[in-house]
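# What the coordinates show
Listed here are the chains, written in short residue letters.
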Amino acid sequence: MRTADRERRPPAPAPKTAPLPDRTPASLAGPEPLGRSILLQPDQAVPVPWQDAPEVEADADADTELIARLHRAWRDRERLVIRWRGPLPTAAPVVDEPFHTWTVGGELPGERLAFAVTANTVDARGKLPTFAPLGRAKALGAVVAEAPDLADPTPFDATLTDGTEVLVDGGPLDLDLPASLDRPLVPRVHLVSGSLRPMTARSGTAASAAELAPDQLAAVTHRSGPARILAPAGSGKTRVLTERARHLVADAGLHARVVSLVAYNRRAKEEMRDRLDDVAGLDIRTLNSLALAIATSSGPFQTADGGTGPRTIDELEVRRLLDRVVPGRRRKKLTDPLEPWIDALSACRLGLRDPHEIEAAYGGDVADFPAVLAQYREALQRAGALDFDEQILRAIHRLMAEPAVRRIARSVTPILLVDEFQDLTPAHLLLIRLIAGPAGEVFGVGDDDQTIYGYAGASPDWLIRFAEFFPGAADHRLMVNYRCPPTVVDAAVNLLSHNRHRVSKQIAAGNSPDQTAGALAGLAVLSGDPQIALTDRITELVQSGVEPSDIAVLTRVNAALLPPAIHLDHAGIPVVRPYGLGPDVLDRSGVGAALAWLRLAAGPAQGFRADDLRLALRRPPRSLHPRITDWVCEQRSVKDLVALSQRLNREKEAEAVAGFAADIDALRTAADGGATTEAMLDTIYHDVGLLGAASQLDRSQRSARRAAHADELAALVAVGRLFDDPAGFEAELRTRLDAIPRFDPERPPPGVTLATIHTTKGLEWPHVVVHDARDGLYPHRLADDVEEERRIFHVGVTRGRSSVAVTTSGPPSPFVAELAEARPADLPWPAEETRPATLPGTGTGTAGSKDKPARAEPGSAEEAARRQSLTDWRRERSKADGVPAYVVMDNKTLDAIAATAPDSLAALGSVPGIGPAKLERYGSDILGLLATG
């Protein structure tokens, strides 16, 4: 049943603790298996049912160890005598603090203690006893049972409207508990949701009817409390999650409305709906739809004062709002000036990170980020809008600051089944923990070995440390990979043994070799030219009867998909290009520069285009003053460029322009002499120096999230081998890319799927090729977490059901060798580098301060002259771009450049305040200024 069809019901009433005048503490003790504790004054006598129970003394200042002891007694249904001093802590704390002070491991003050001493406890400190679950049942319409013998526990707690005598429970959900009781039990999860429905299961009948393997069945029929389900690739993760939901409703007799499934994305949500189509009333949501409902008090999360009604906005409107608050919005030369801001906004909010920390991490690309963040969030509020990340923050804030919102959320979702747990960001994990509350009824399914979104804040720690976030969690491990052939499973086990930061697992293959794949079944490593190896492999598969749509080619970065697309298309094999792989890829900075050089080399001798000259001048940079650059771009031939160089007064500038003309002339001579496209690109990359310049720019990139300039250049030369004529190369490439059908989820065209590994989580194909596994891509040379890179490779390898091929070239990725050999168990791990003790989102909880530093005085006359030249350049550039001067570059950064006088892009990129965007935008201008003195 869809969320919109879900049964509407009024919000659950607040917990009731009204005195029960016809009962004594002893009569409320209940059967022993229910484990009810008792709360007494320090000097009160202990009633008979608890006289053999352990005693503890506590007050509102209980330390962490004592709180854990009390909570453990609740979880294990251990009867305690709790001698309490003073008032109870509030069960409805209010926290209203900036988001970057929140921590994923933190808790609302006093909440766990209040829960542990009241949830399943008879409070006998007053003249009349109270028992919160029974008070709640009475408020819902149950009739409290009379106690014929006030000295003994009653055989039941209350009578329902249909005459059913029931026990009511304040303890954890326990699917086997009703076996030893002689009355039906109304579980706590029903009471908090506003239902008096008893559980229907009995001993021996709460088994799942699904056909499951033993490890899957153990997870599905998990008895009680939170649980971590470690689900390696191909182990039936989604099946276990959905069968758990069916088991709770169909076998254990829980009301469907207390079971909420949380999917990572819409595709996963729709798959869950399809699998549970026969179970009416389940709530299945994505993380964001769950957060949005809480943030807006919509649907079953509606509060007494109604919903707040903010609308949601997509990335297009996010950009419109950002364009109003981000300095320098009219910059012309950067392809996407808002991209770093969008990334930074997400990293800050979903990572629960201090805005000042983000500004420093982005190296000048998001100058004055704390102020811009505040202005952007204010703009959202004025517009009555929530973007995706703000939905999460708004929900968390309301859960922390508004007890009524928190109570209703927990009444709507008392049991959470969470998919892809390893992919949660710190904000996502905090949201789940706040909704679950101290009861912690979370069934978390995931695989730490498939954590590949570290750039977004995902961490294997969420599963490794699951029991810290959800105390008392059980551990279920799925141990069989039913998807992949045995040789692939063994290779994946070998590969992962080289990672240290993981949960150790024993994984076996459950998939017999696919005889239909013949000699191609299992794992193959194909060396040599990766494009030839790829084409030969897929040709062989197709000739053996495999449909192209049953084949996927997976790469580390999007740029690496270009060669497979063109080579396979050239070979007559139908392919489906993903989003982001259209003709516009040829306009990206690295590829665009290479093609500009080709146009200068193979185009008309008298028809140079100004845009081509400007691109070629910038990559590699010629260290020319901006005014000289403008003059160069006015020339229309090599002859004109030589003439310009002869008119320049400064020797360095004249040599730079003459050298530029000589490079173009040499390329034109090679083209006229019949040089192939590949040979021309090789000359542009190595002799002209484009590859070196691209590599310097790449070294300043913050992460390996997106393809680097060098990745794009490598992809272009791999395609260039197919088309010898450099003059027609670009047009041929654009035509072919435009003709390849684009993926359409509604009507997928037949053809080989092309995708990056990051986009394939949860997907599988009969045949997979992990393409171009060379060193520099696996691990990516820009990545700083080799273990995550190994996990990315592992995800790619485990997508295939019948065959998996890995194409590689020299030098191959070290991961290829690791597929064949496990790390020796007795080999000591190298000493780990010292790292911060906190995870993203678990930091100090205080905002950093931003003090304005004093201006540094120049150390020499040369430095002062450089500083003045830079100031003059900044003034001209700010006027040209229509932005304030500080937006182009702040004084602190100009001081550092003047002091260090960098002479290369790499050196300039190491200056604090110069990030990838500023290096790309201003690097050539600055180096030109410094070179001319």
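## Regarding the overall build of the chain
Counting its regular elements, the chain contains 36 helices and 25 strands. Taking the contacts inside the chain whose residues are at least 6 apart along the sequence as the reference set, 76% of them involve residues at least 24 apart. A total accessible area of about 37900 Å² is found for the chain, and carbon and sulfur atoms account for 51% of it.

## Things to note about the side chain of Thr 808
As for its position among the elements, Thr 808 is in the loop between strand E25 (800–807) and helix H31 (814–818). Classification of Thr 808 by relative accessible area gives buried; the value is 5%. Polar contacts involving the side chain of Thr 808 include one to the main-chain carbonyl oxygen of Ala 773, which spans 2.6 Å. Those residues within four positions of Thr 808 in sequence are excluded, and the remaining contacts are Val 525, Leu 526, Ser 527, Gly 528, Ala 773, Arg 774, Ser 813 and Val 816.

## Looking at the packing of helix H21 (residues 589–602) against helix H28 (residues 709–720)
Two elements in contact, H21 and H28, have axes whose closest approach is 7 Å; the angle formed by their N-to-C orientations is 45°. Taken together, H21 and H28 sit at an angle that is classed as oblique. Handedness of the crossing formed by H21 with H28: right-handed. For the pair formed by H21 and H28, the contact residues are Ser 589, Gly 590, Val 591, Ala 594 and Leu 595 on the first element and His 709, Glu 712, Leu 713 and Leu 716 on the second. Per-class residue counts for the contact of H21 with H28 are five nonpolar, three polar and one charged.

## Details of empty space enclosed by the protein
Within the structure shown, the criterion is met by 11 cavities of 30 Å³ or more. Approximately 210 Å³ is the volume found for the largest cavity. Lining the largest cavity are 23 residues, with Glu 107, Arg 112, Arg 433, Gly 437 and Pro 438 sitting closest to its centre. Classifying every residue of the lining of the largest cavity by side-chain character gives 11 nonpolar, five polar and seven charged.

## A look at the packing of helix H9 (residues 315–325) against helix H10 (residues 339–350)
Running from N to C, H9 and H10 cross one another at 105°; their axes reach a closest spacing of 11 Å. With respect to H10, the element H9 is oriented roughly perpendicular. On H10, the residues that touch Glu 315, Arg 319 and Leu 322 of H9 are Trp 341, Ile 342 and Leu 345. Its residues assigned to classes, the contact of H9 with H10 shows four nonpolar, no polar and two charged.

## Overview of helix H34 (residues 891–900)
Given 3.6 residues per turn, any residue in an α-helix points the same way as the ones three and four places further on. If you check which residues of H34 are buried, you get Thr 893, Leu 894, Asp 895, Ile 897 and Ala 898. Where H34 ends, the next residue or the one after it, Ala 901, has phi of about 45°, a positive value.

## A short note on the pattern of salt bridges
Taken as a whole and assessed by the stated rule, the structure comprises 60 salt bridges. In this structure, the salt-bridge partner of Glu 57 is Arg 85, at a minimum N-O distance of 3.4 Å. Of this pair, Glu 57 sits in strand E2 (residues 55–59) while Arg 85 sits in strand E3 (residues 81–85), and the two are 28 residues apart along the sequence. Several salt bridges converge on common partners, so that one network encompasses Asp 587, Arg 599, Arg 609, Asp 612, Glu 730 and Arg 734.

## With respect to the side chain of His 190
Along the polypeptide, His 190 turns up in helix H4 (residues 188–192). Ignoring any residue separated from it by four or fewer positions in sequence, one finds His 190 in contact with Ser 195, Arg 197, Pro 198, Gly 253, Leu 254, His 255 and Val 258.

## Let's talk about the sheet that holds strand E1 (residues 37–40)
Strand order in this open sheet of five strands is E2-E3-E1-E4-E5, and the pairing throughout is mixed. Two strands lie at the open edges of the sheet, namely E2 and strand E5 (130–131), each paired on one side alone. Here E1 runs beside strand E4 (residues 121–123); their pairing, made up of three bridges, is parallel. Note that in E4 the partner of Ser 37 across the bridge is Thr 121.

## Considering H9
Turning to H9, its buried residues number three or more, namely Val 318, Leu 321, Leu 322 and Val 325. Down the axis of H9, the sector holding all buried residues measures 100°, keeping them to one side. Residues of H9 that are buried sit in contact with H10 and helix H12 (369–382). For H9, the N-terminal capping position is held by Asp 314, with its side-chain oxygen 3.2 Å away from the main-chain nitrogen of Leu 316.

## With respect to the sheet that holds strand E17 (residues 474–477)
With parallel pairing, the six strands of this open sheet are ordered in space as E12-E11-E15-E16-E10-E17. The strands lining the two open edges of the sheet, one partner per strand, are strand E12 (283–286) and E17. Pairs of neighbouring strands in the sheet enclose a mean axial angle of 15°, with direction left out of account. With respect to the sheet, helix H6 (residues 237–251) is in contact with strand E10 (227–230), strand E11 (259–263), strand E15 (415–418) and strand E16 (442–446), its orientation differing from that of E15 by roughly 165°. Those strands touched by helix H8 (residues 287–296) are E11 and E12, and its axis lies near 100° from that of E12.

## A look at the pairing of E12
Residues of E12 alternate between two faces, with Asp 283 and Arg 285 on one and Ile 284 and Thr 286 on the opposite face, all of them buried. Across four bridges, E11 lies against E12 in parallel orientation. What sits directly across from Leu 261, in E12, is Ile 284.

## Topic: the confidence of the model for the chain
Per-residue pLDDT for the chain averages 87, and the proportion of residues at 70 or more is 89%. Put simply, helix H33 (residues 885–888) is where the chain has its lowest mean pLDDT, 68, and E15 is where it has its highest, 98. In this model, residues 1–12 is a region of pLDDT below 50 whose contacts with residues beyond four sequence positions or in other chains number 31 contacts. A low-confidence stretch, residues 329–335 stays under pLDDT 50, and its non-local contacts, those more than four residues away or across chains, total 17 contacts.

## Details of the packing of aromatic side chains
If you walk through the whole model with that rule in mind, you get 13 aromatic pairs. With centroids separated by 6.0 Å and ring planes inclined at 70°, the aromatic side chains of Trp 462 and Phe 469 adopt a geometry described as edge-to-face. Exposure class is identical for Trp 462 and Phe 469. Each is buried. On the numbers, 5.5 Å between centres and 80° between planes, the contact of Trp 873 with Tyr 922 is edge-to-face.

## Focus on unusual backbone geometry
A cis amide bond links Arg 619 with the next residue in sequence, Pro 620, at an omega value of -5°. Look at Arg 77: it is not a glycine, yet its phi comes out positive at around 55°. Within the element layout of this structure, Arg 77 appears in the loop between helix H1 (64–76) and E3. Even without being glycine, Asp 368 reaches a positive phi, approximately 60°.

## Brief notes about the environment of His 567
By the element assignment, His 567 lies in helix H20 (residues 562–570). For the pair His 567 and Val 719, spaced 152 residues apart in the sequence, the C-alpha separation amounts to 7.1 Å. Residues within four places of His 567 in sequence aside, it is in contact with Gln 531, Thr 535, Ala 718, Val 719 and Leu 722.

## Some words on the pairing of E11
Of all five residues in E11, five are buried, a share of seventy percent or more. Here E11 shows no split at all, with Val 259, Leu 261 and Ala 263 on one side and Ser 260 and Val 262 on the other all buried. Strand direction decides the pairing type here: E11 and E15, joined by four bridges, are parallel. In the strand pairing of E15, Val 262 is matched with Val 418. Following the chain from E11 across helix H7 (residues 266–275) to the adjacent parallel E12, one finds a crossover that is right-handed.

## What about the nonpolar core?
Judged by nonpolar contacts, the single largest core of 70 residues is most densely connected at Ile 294, Leu 322, Phe 369, Ile 396, Phe 421, Val 442 and Phe 470. Counting 67 residues, the second-largest nonpolar core is a separate cluster that includes Leu 541, Trp 597, Ala 656 and Leu 690.

## A few points about the environment of Ile 464
Within the fold, Ile 464 resides in helix H16 (residues 461–464). A relative accessible area of 28% means that Ile 464 is categorised as partly exposed. Between the alpha carbons of Ile 464 and Gln 422 there is a distance of 9.3 Å; along the sequence they are 42 residues apart. Every residue in contact with Ile 464, bar those within four places of it in the chain, is listed here: Arg 228, Asp 448, His 501, Arg 502 and Val 503.

Rules used throughout
- Residues numbered from 1 in each chain as written.
- Predicted model: local features only at pLDDT ≥ 70, side-chain atom pairs only at ≥ 80, totals over all residues.
- Heavy atoms only, no water.
- Helix = DSSP H or I, 4+ residues; strand = E, 2+ residues; numbered from the N terminus.
- Contact = heavy atoms within 4.5 Å.
- Areas by Shrake-Rupley, 256 points an atom, 1.4 Å probe, with all protein chains shown as cover.
- Buried < 20%, exposed > 50% of the residue type's maximum accessible area, 1.4 Å probe, protein only.
- Polar contact = N/O pair within 3.5 Å; in protein donor to acceptor, adjacent residues only side chain to side chain.
- Axes fitted to C-alpha atoms, helices over the stretch in contact; angles between N-to-C directions.
- Parallel < 35°, antiparallel > 145°, perpendicular 65-115°, else oblique.
- Left-handed = near helix turned anticlockwise from the far one by under 90°.
- Nonpolar A, V, L, I, M, F, W, Y, C, P; charged D, E, K, R; others polar.
- 1 Å grid on protein atoms, 1.4 Å probe; cavity = no way out; pocket = protein on both sides within 12 Å on 5 of 7 lines; lining within 4 Å.
- Points joined across faces, edges and corners; volume = space filled by probe spheres on them.
- Salt bridge = Lys/Arg side-chain N within 4 Å of Asp/Glu carboxyl O.
- Pairing = 2+ DSSP bridges.
- Arc of directions from axis to C-beta.
- pLDDT = per-residue confidence, 0-100.
- Phe/Tyr/Trp six-rings, centres within 6.5 Å; stacked < 30°, edge-to-face > 60°.
- Right-handed = clockwise from strand over helix to strand, strands pointing away.
- Core = buried A, V, L, I, M, F, W, Y, C linked by side-chain atoms within 4.5 Å.

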